[in-house]
Structure formats: structure tokens, C-alpha cells
Amino acid sequence: MKEIFKDIYHIGNSGCSVYLVDTKSNDGLVLIDCGMSLSLIKKISKRALNPMNIKHCILTHFHIDHIGACHDLKQFNKNVKFYAHELDAVAIEEKGHDKETAAKWYGVNYKPIKLSKRLKGELEILRFGTYEFKCIHTPGHTPGSLAILLELEKKILFGQDIHGPIIPGVSDFEDYQDSLKKLLDLKVDILCEGHFGLFQGEEVQKYIKQYIE
Ligand SMILES: [Zn+2]
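All figures in this text were calculated on a predicted structure; none of them were measured in a lab.

Draft legend 1. Layout of the pattern of salt bridges. Applying the stated criterion to the full structure yields 8 salt bridges. As a salt-bridge pair, Glu122 and Lys182 come within 3.4 Å of each other at their nearest N and O atoms. A residue pair is termed long-range when its members are at least 10 positions apart, and Glu122 in the loop between strand 7 (117-119) and strand 8 (123-128) and Lys182 in helix 7 (residues 173-185) qualify at 60 residues.

Here is the structure:
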């Protein structure tokens, strides 16, 4: 577990990278994606952070490697509220969408969870403590993919599956390309990716550009 920026952590990887923001407020801890293992999330106690204080979890999209641990987390801590874009919501909230979630491919029996809010449109802002989590719709990899931007002293982007891939029947290549350009235009200082770790400064633009055709 590593502190990326003040009160912002990369907890580790379980399927995907899982990130955490300590809002130091009544909104407690905010997770960006869940990964596939509750035990990874519980490791935050090593930093004197209490997993029972996780109040919110923003899901970047419906793939199992990002949402697999949601049900276990909810069982463990009833206070957690989940958020995702409405275009990815059904596969997260209902059974029978193993093609979308890729649960079958991973050999996982996905247990659905209820979202507290379905995010809509191009941009929705979730305000937790003094933080504004700008949830930017970046369709392509999945229809309801989100990238989450925090504008602090530095611009920090939780981009997750910027690398794709493009999955036949689920992804849309043109939307994906448009979304990459949108992310490039944000000119962020720190990119927290879902499977390839952290990028800073000029490395961010370089990383995103390599996927633009
Ligand atoms: Zn994905």
C-alpha cells in the first residue's frame, strides 16, 4: 500500500488496482473500484485506516476484476454505498450478465449489488467531504465507463482501463478513441491506471497517446 498524494492511496492489486481517498470527514473513506478481494481492502488497517469507515465506492465500469469484491465488502460493512454510470448499472445490479462482466471468463460467480446512485450523462460530481469527485463518462471499453478526476494542488485522474481492451459485442472502438482524446485534454499530473500502475508528468500524455490511432 502506497500513498500517491496526501490522503490518496494505492491499496494494491486484486484483479485491478484499488485506490482509496481519505476524506477526513463524515464521508470517511472513498474507494475507486473494489477489485476482487476483500482481504486486499482490509489491508488498509496497516495504515491505521479502518475498513469499516469506507462509506463510498465509485465503480469505473462493470468488469468483474473491478467489481468482484463489492458483495463481500457490503456484507462486511453495510455502510458502503456504490456508484456507477447508468449505462453499466444493469450488469452490476442484476444476475445474468456474465458476458458483459466477464465473470464466466474469470470463473467467478458474480453476486450483484445495489447501486445507491446511477450516474448520468457526460459528467456528474460526487461531493464527499471537501473533495469533488468528477465522474467523467468515457464510453468505449464499456458503455458506461467512467474516469474520475480530482482537482487538488495537482490534477489526479483515476483512469482504470485506459488500455482497453476492445471486446467484441461490449466495447465500441470509436467511442473509446473519443474518450481517450477527452482524457488527454484534461492534462492531468497523475494518472492512476487500473492495471499498469501510476504515471506522472509527461509520462501521462505519452501513456494515453499510445492507444490513440
Ligand atoms: Zn475492464
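Draft legend 2. Quick peek at the coordination of the zinc ion. His61 (NE2), His63 (ND1), His141 (NE2) and Asp161 (OD) make up the full set of protein donors to the zinc ion, lying at 2.1 to 2.2 Å. Spacing between the donor residues of the zinc ion along their common chain follows H-x1-H-x77-H-x19-D. Of this pair, His141 sits in the loop between strand 9 (131-137) and strand 10 (146-151) while Asp161 sits in the loop between strand 11 (155-160) and helix 7, and the two are 20 residues apart along the sequence. The pair formed by His141 and Asp161 is uniform in burial state, with each residue classed as buried.

Draft legend 3. Main features of the nonpolar core. The biggest cluster of nonpolar side chains holds 33 residues, and the ones touching the most others in it are Leu31, Cys34, Leu59, Leu73, Phe82 and Ile92. Dropping the residues within four chain positions of it, Cys34 is found in contact with Ser14, Val18, Ile41, Cys57, Leu59, His66, Ile67, Ala69, Cys70, Leu73 and Phe82. Tyr19, Phe133, Phe158 and Cys192 belong to the second-largest nonpolar core, a separate cluster that totals 22 residues.

Draft legend 4. How the structure looks around the sheet that holds strand 13 (residues 198-200). Here 6 strands make up an open sheet; going across it, the order is 8-9-10-11-12-13 and the pairing mixed. Whereas interior strands pair on both sides, the edge strands pair on one side only; in this sheet they are strand 8 and strand 13. Strand-to-strand twist in this sheet, taken as the mean axis angle between neighbours without regard to direction, amounts to 20 degrees. Across 6 bridges, the pairing between strand 8 and strand 9 is antiparallel. Bridge assignment links Leu126 to a residue of strand 9, and that residue is Phe133. Set on the sheet, helix 8 (residues 202-209) makes contact with strand 12 (190-193) and strand 13; between it and strand 13 the angle comes to about 120 degrees.

About the thresholds
Residues numbered from 1 in each chain as written. Predicted model: local features only at pLDDT ≥ 70, side-chain atom pairs only at ≥ 80, totals over all residues. Heavy atoms only, no water. Salt bridge = Lys/Arg side-chain N within 4 Å of Asp/Glu carboxyl O. Helix = DSSP H or I, 4+ residues; strand = E, 2+ residues; numbered from the N terminus. Donors = N, O, S within 2.8 Å, 3.2 Å for Na, K, Ca; no water. Buried < 20%, exposed > 50% of the residue type's maximum accessible area, 1.4 Å probe, protein only. Core = buried A, V, L, I, M, F, W, Y, C linked by side-chain atoms within 4.5 Å. Contact = heavy atoms within 4.5 Å. Pairing = 2+ DSSP bridges. Axes fitted to C-alpha atoms, helices over the stretch in contact; angles between N-to-C directions.

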